[in-house]
Amino acid sequence: MFIDRAIIEVRSGKGGDGRIAFRRERCVPKGGPAGGNGGRGGSVFLRCSQTTTTLVNYRHSKTFIAEDGEKGDIKLQYGRAAEDIYIDLPIGTVVFLEENHQFVCDLDEVGKTYLICKGGRGGRGNAAFKNSRNKCPRVAENGLPGERKRLILELKLLADVGVIGFPSVGKSTFISSVTNCKAEAGDYDFTTIVPNLGVAKVDQTRSFVIADMPGLIKGAHLGKGLGLMFLRHIERCRVLVHMVDMSGVRDPYQSYLDIREELKEYGMHLIDRPEIIVASKMDEEGAEERLIEFKNKVQKEVIPISCLTEDNLQLVLYKCADALEKAPIFPVFDEKDKEIVFNLDDQEKIFDIEKVSENEYKIVGERVERTYGLINLSTDEGMDKLIKYLNKIGVDEALHKAGAKDGDTVKLCDFEFEYFE
């Protein structure tokens, strides 16, 4: 079964919490802090593999969860780091975030890996906080949480040349004639429901991968026929062979215009790719007259072929090879999906104050919430550390400006306290 699109969820592991502990050995008075650090949580990697060719294993929404890191232990023992997990994907897979369809990575080379979810860092034990002024710290850090993402996987076949056109114009017959690929051919529409790939050898030094794309119809960019299912595979093709039927079943010129319009509407620079126009089924009666009329209208070079007599098949391959030498590599994602590069000098706001109700306020912000998650509130020193941190970043002043009064409730994640000036 050929599956070329799937949605999966990936989660990295949480870092292990640091330990609060002290040496309690005989004959070692005032042994000092001995709490170990927590272990790192497992990360999730995407890996390009040649052992799989479709996304059939991910056709149902699947979840991949890395393990959490172990907590720190007594006697300065570090927690065990969790193992990373690797998700093997076929070559040619493009990954997007589901929430905003932002481009993530393109797995276009065997062995290429991408860190998609980084495991949380382990928290420090109380031994890490020992210094000359605080020789007996009773505070430790919690491990950082892992990441969670839902991904869209799209398989876009790695072909240099794509053969496109309406159904039953001879695409499968052509690729079977010029490669060792045995594509199914028939005299009915949508004979090809799976893209066929083959290697076409031009001469002793040149060869390329050619793909026979399932037939397009008018409205393919809207999902009609097999349009959206397989238009994505054309995105990787650097050269397009546009095959036009000269048997008289359809008007050749109108068919050519319809397919060109579909490429334009789909986007992804398909309309800008080098195009080789091929007139197929020239062995049919009246094909010569239709070819002359088509050439006069299209005003471009048209190569007449016949797979029955094998006329001009090698010429098409030479034209493809010559075009590939000059053809650029087009991106497989829209420019709007490119990652935004932030200036390192930009100052990220630490927190915001949100008014939830008349007597309730909430502290929000990625940085403040991240720092809160690190602080272990199970001890008085941990609580004192949180209060000092909130005062340091100006939470008290911000609450006053927001209109908070004595006795109002203030929340930070799952922590709640009363505000007093």
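Being a predicted model, the structure only gives us computed values, none of them experimental.

### Focus on unusual backbone geometry
Here the phi dihedral of His101 falls at roughly 55°; this positive angle occurs in a residue that is not glycine. Within the fold, His101 resides in the loop between strand E5 (93-97) and strand E6 (103-107). His101 sits in the partly exposed class, given a relative accessible area of 32%. Notably, Cys413 is not glycine yet its phi reads approximately 55°, a positive angle. If you trace the backbone, Cys413 turns up in the loop between strand E17 (409-412) and strand E18 (415-418). Residue Cys413 is classed as partly exposed on the basis of its relative accessible area of 38%.

### A short note on helix H3 (residues 252-266)
Its 15 residues place the ends of H3 21 Å apart at the C-alpha level, agreeing with the 21 Å of an ideal helix rising 1.5 Å per residue. Every buried residue of H3 is accounted for by Pro252, Ser255, Tyr256, Asp258, Ile259, Arg260, Glu262 and Leu263. Directly beyond the C-terminal end of H3, a positive phi value near 85° is found at Gly267.

### Topic: the confidence of the model for the chain
One rule of thumb: low pLDDT means the predicted coordinates there are not for detailed reading. Per-residue confidence for the chain gives a mean pLDDT of 81; residues scoring 70 or more make up 86%. Per-element averaging of pLDDT across the chain places helix H2 (residues 227-234) at the bottom with 57 and strand E7 (residues 113-117) at the top with 93. A low-confidence stretch, residues 219-228 stays under pLDDT 50, and its non-local contacts, those more than four residues away or across chains, total 23 contacts. The low-confidence segment residues 335-347 (pLDDT under 50) makes 10 contacts with residues lying over four places distant or belonging to another chain.

### A word on the environment of Asp212
Considering the arrangement of structural elements, one finds Asp212 in strand E11 (residues 207-212). Residues Asp212 and Val163, 49 residues apart in the sequence, show an inter-C-alpha distance of 5.1 Å.

### Description of the side chain of Asp245
For Asp245, the location among the structural elements is in strand E12 (residues 239-245). Among the polar contacts listed, one links the side chain of Asp245 to the backbone nitrogen of Ser247, at a separation of 2.8 Å. Contacts of Asp245, omitting those with residues within four sequence positions, involve Ser168, Val169, Arg250, Pro252, Ser280 and Lys281.

Here is what the cut-offs are and how they apply
- Residues numbered from 1 in each chain as written.
- Predicted model: local features only at pLDDT ≥ 70, side-chain atom pairs only at ≥ 80, totals over all residues.
- Heavy atoms only, no water.
- Helix = DSSP H or I, 4+ residues; strand = E, 2+ residues; numbered from the N terminus.
- Buried < 20%, exposed > 50% of the residue type's maximum accessible area, 1.4 Å probe, protein only.
- Expected span 1.5 Å × (residues − 1).
- pLDDT = per-residue confidence, 0-100.
- Contact = heavy atoms within 4.5 Å.
- Polar contact = N/O pair within 3.5 Å; in protein donor to acceptor, adjacent residues only side chain to side chain.

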